[in-house]
Amino acid sequence: MLPPALCLAALAVELGEGEKSAERSWVLQPVGLAQRPDVDVTHRHPALLHPVRAEVFTGQADKAIEALGLCGFDRRLPTVYVTGGAQGSQQINHLVRDVLPWLVENANVIHQCGPDNVTQLRQDTASLSASSAARYHLTGYVGAELPDVLALADLVVSRSGAGTIAELTALGKPGVFVPLATSAGNEQVHNARHLADNGAALALVDDVSPERLCEVLAPLLTDPERRSAMAGRARAYGRPDAAERLVDVVLAAAGE
C-alpha cells in the first residue's frame, strides 16, 4: 500500500530541502518559473499558488492621496512605492536616499522605510528643496492603506519574496527588485532573476549600487509605454485566484 500523498506548496522558484526529500508528493511551483528536473516527484502543478489577500484588489489611488496627505504630489509624474517590508530594509533605504534628489525630480515617491529608520532618514533628506520634499512621502509603515498605495503606484521598488511577487504580478505592477541576499536557498535572487529575464521586472543582483538603480529606473520613469509593457508581462505571471487553485490541487491530491 502506498503512503499518503504529500502536497507541498513550493512558493518560490527553487525547492527547499523538505520538498526535495519527499518520496511521493505533488510539488506546486510558479507557472513558467524554473523547474527542478533533479527532483523526483509524482506531479508538478504549474501555477503560482501563493494566495493573494482579497483586499489588495480593492485599492483606489485617490484614497491614498487623501489618507497620506499627498497634496504635493504631481499626478503628471509616475509614482514610485519603495518598501523593504514591515521593518524596512537598510540596503533599500540607503539606495533610495542616495538617488533621492534625482528621483523626486522625475517621480513622486512613497517610501516605507521601517519604524526604526524614520528619524535618521528625515535627517538625511532634510536638504531637499520644498518642491522636491512635497513629492517625497516618508513613512515607517504602511498599514490598512496599502491597497490604495499599490493602486497609486506606477512602479514598486522592493524585495522579491514569494508574497511580494504574488501580489505585484496579480496587480500587474512593474517591479525593480533588490533581493535579500541571505534568503533561504537564495530564493529571492531566483525569483527576481526569472521575472527580469522574461521582461516582467528588473533586478539588482550583481551590481546593487545607486548608479545602477538610476540606470534601471530612468527608462521606466520617462516612458509610460515601457512601464505598460512590463506591467502586462508581470500580470501574465499573476494568479489572483491562487487560493482557490491551491484548494483544488490539494483536494485532487487527497483524492488520488
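Everything below is about the structure shown above.
Residues numbered from 1 in each chain as written. Predicted model: local features only at pLDDT ≥ 70, side-chain atom pairs only at ≥ 80, totals over all residues. Heavy atoms only, no water.

## Observations regarding the layout of surface pockets
The line we're drawing: Every definition here rests on a 1 Å grid over the protein atoms only: cavities are sets of points where a 1.4 Å probe fits but cannot get out, pockets are open sets enclosed by protein on both sides within 12 Å along at least five of seven lines, and lining residues have some atom within 4 Å of a point. Grid points are joined across faces, edges and corners, and a volume is the space filled by probe spheres set on the points. Secondary structure elements are defined from DSSP: runs of H or I of at least 4 residues count as helices, runs of E of at least 2 residues count as strands, and each element is numbered from the N terminus. Ten residue types, Ala, Val, Leu, Ile, Met, Phe, Trp, Tyr, Cys and Pro, are classed as nonpolar, four, Asp, Glu, Lys and Arg, as charged, and the remainder, Gly among them, as polar.
Considered as a void within the structure, the largest pocket measures approximately 420 Å³ in volume. Forming the walls of the largest pocket are 24 residues, and the residues nearest its centre are Tyr-81, Thr-83, Leu-146, Thr-164 and Glu-167. Elements supplying a minimum of two residues to the lining of the largest pocket: strand 4 (79–83), helix 6 (146–152), strand 7 (155–158) and helix 7 (162–171). A per-class count over the lining of the largest pocket returns eleven nonpolar, nine polar and four charged.

## Brief notes about empty space enclosed by the protein
If you walk through the whole model with that rule in mind, you get two cavities of 30 Å³ or more. Counted as a void, the second largest cavity has a volume near 30 Å³. What lines the second largest cavity is Leu-168, Thr-169, Lys-173, Pro-174, Gly-175, Phe-177, Leu-195, Ala-200, Ala-201 and Ala-234. Among the secondary structure elements, those contributing two or more residues to the lining of the second largest cavity are helix 7 and strand 8 (175–177). Taken together, the residues of the lining of the second largest cavity sort by class into seven nonpolar, two polar and one charged.

## Some details on the sheet that holds strand 5 (residues 108–112)
Within a sheet, each strand pairs with its neighbour through backbone hydrogen bonds, oriented either parallel or antiparallel. Rule in force here: Only strands joined by at least two bridges in the DSSP assignment are considered to pair.
Taken in spatial order, the six strands make up an open sheet running 6-5-4-7-8-9, and their pairing is parallel. The sheet is open, and its two borders are formed by strand 6 (136–139) and strand 9 (202–203), each paired with just one other strand. Pairing of strand 7 with strand 8 involves three bridges; the strand directions are parallel. Each residue of the ladder has a partner; that of Ser-158, found in strand 8, is Phe-177.

## Some thoughts on the pairing of strand 4
Heads up, the condition is: Three exposure classes are used, based on accessible area relative to the maximum for each residue type with a 1.4 Å probe and protein chains only: buried under 20%, partly exposed in between, and exposed over 50%.
Buried residues dominate strand 4, accounting for five of its five residues. With burial as the criterion, each face of strand 4 is covered, one bearing Thr-79, Tyr-81 and Thr-83 and the other bearing Val-80 and Val-82. Pairing between strand 4 and strand 5: five bridges, direction parallel. Residue pairing for strand 5: Thr-79 is matched across the bridge by Asn-108.

## Side note on helix 7
We apply this condition: Contacts were defined at the residue level, with two residues in contact if any of their heavy atoms lie within 4.5 Å.
Of all ten residues in helix 7, eight are buried; the element is thus mostly enclosed. Along helix 7, the residues that are buried comprise Ala-162, Ile-165, Ala-166, Glu-167, Leu-168, Thr-169, Ala-170 and Leu-171. If you follow the buried residues of helix 7, they end up packed against helix 6, strand 7, strand 8, helix 8 (187–197) and helix 10 (224–237). One or two residues past the end of helix 7 sits Gly-172, with phi positive at roughly 70 degrees.

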